[in-house]
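Commentary on secondary and tertiary structure
Below are the chains, spelled out letter by letter.
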Amino acid sequence: SVGTICVGIIFLSISGVYINKAVEKTTEIRDNSYLAQSLLGFNGKKNVLLLFMNNAESRYGGGFIGSVGYVTASDGKIEAKPVRGVYYYDWKFEDVNYREDTKGNQSNSGALYNLRDGNSSLDSRLNSKRASIIFEKESGLPVDIVISITPDVLKDLLEKFGPIDIPEYNKKITKDNILETIQAEVEYGVDKKSGKDPKTILSSVGSKIIEKIASLQTREIISSLGNFGNLLDKKQVLLYSRDVTLARIFNKKKMDGALVKTTDDYLLLGENNYSVDKSNAFLDRATNKKLSIAEDGSASIELTISRLQTQPISFEYIDPHYPDVVTNLIRANRSSIKLAIPKGSNIISTSENISVAKADSEGGYDIYTFNSELTPLEKSDYTINYSLPFKYDLTSKMAVINSTYQIQNGGWPYRLINKIQMPEGWKLTGASVKNPEQKDNLVTYDNMVDRDQFLSFTYEKK
């Protein structure tokens, strides 16, 4: 089936990255071998839950889980059940009655979760664990591994293999229009209007991609899929396993979407679209963070988050709960923003257009939230000033200032402006990035980023 072949491509792509990766360290060879053999079921049958996250309708852990696949891998043979809309399973969620307390433990009280909205944590290991439990209860099928992917995977395949024609829908699908075209068809297309499965177009697209791949030579296919690791780096593919060894490898290779552990300056911005539309795909994002360090090493941060919805209200949409009411797929974006910052940081002040609230800690970081409501085509800026809970050591002639920026799982590229204001008498002598701008004692790094960033700046005292 199309689902089987598509899943096979994903599996072979992920495992192939590590099968063909030549390394000298014995532990790396062993890890890569175990990873590849596990994904293909050579060391025991693996039951895999495949989650299709729509990051155009963002959730903290990636995106709305709109479709679900289920795969078994045994001795290199991959079998798959049909890819289903999430509601195929989720109609039972009230009977399942899966609840969690604020620490992520199952209990008789707390939040009631369904599969489609299970992406509520910044750490995707918690989301994947939650999804596996809920899916097992709703479907009765066992889960060993969870693989979550965004539409960027399909875009990547179209970029490599070229556009496809879908004559039954009178559409030409390219890497540039796949998101809007499929979403518009799913939400307001001929299938939905006629009462058919609105996700039928996904099968048509998958079939055409498979036809293109099948026409290529094996060497061309392997060469084209060799860059699949790039999607892992961008957090567009996330992996989770209950197998302790496999989970350790996923974490070591930063494939599981866990929060990065560091005692340095740290920032993660996550967004959750609560307006239930698909506008997150049409936002320009910028993070402007100025770190000011005083003579005694104490530090404060001025953080400005800029968001601009570039698409006006558009694309007609039929809400399945109100089939007689036509609204829009792209509406004014309304999102809840989460900030993960070093534990013990102190909020000093905020701009007047937001109300920042302290939430529970996650992954060893303090979590703060606020709401962002965007008027299409108008930029909104939100500023938060806070102090760090530690001091930098400025007692010697050398100081190293490190910052970690973690991209949201399933996140979108954004502009990162990192500024460091050192006290008088310090000179920049080295950096982990090329050609940062220097003016007086202010150093600025300005770049578009689509993956985690570790920035390190070395200073010497004059």
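Anything mentioned here points back to the structure above.
Summary of the structure given here. (Residues numbered from 1 in each chain as written. Predicted model: local features only at pLDDT ≥ 70, side-chain atom pairs only at ≥ 80, totals over all residues. Heavy atoms only, no water.)

Its identity is not glycine, yet K235 carries a phi of approximately 65°, on the positive side. A positive phi angle is found at L377, which is not glycine, with a value near 75°. With a relative accessible area of 53%, L377 lands in the exposed category. (Buried < 20%, exposed > 50% of the residue type's maximum accessible area, 1.4 Å probe, protein only.)

Taken in spatial order, the five strands make up an open sheet running β3-β2-β1-β6-β9, and their pairing is mixed. Of all the strands in the sheet, just β3 (77–85) and β9 (237–241) have a single pairing partner and so form its edges. Strand-to-strand twist of the sheet, defined as the mean angle between neighbouring strand axes without regard to direction, takes the value 20°. Strand direction decides the pairing type here: strand β1 (residues 46–54) and strand β2 (residues 64–74), joined by nine bridges, are antiparallel. Within the sheet, the bridge partner assigned to F52 lies in β2 and is S67. Each of β6 (145–149) and β9 touches helix α12 (residues 244–252); the most contacted strand, β9, lies at about 150° to it. (Pairing = 2+ DSSP bridges. Helix = DSSP H or I, 4+ residues; strand = E, 2+ residues; numbered from the N terminus. Axes fitted to C-alpha atoms, helices over the stretch in contact; angles between N-to-C directions. Contact = heavy atoms within 4.5 Å.)

Now for empty space enclosed by the protein. According to the stated counting rule, one finds three cavities of 30 Å³ or more in the structure shown. Approximately 270 Å³ is the volume found for the largest cavity. If one sorts the elements of the lining of the largest cavity by residue count, strand β10 (residues 265–273) sits on top with five residues. (1 Å grid on protein atoms, 1.4 Å probe; cavity = no way out; pocket = protein on both sides within 12 Å on 5 of 7 lines; lining within 4 Å. Points joined across faces, edges and corners; volume = space filled by probe spheres on them.)

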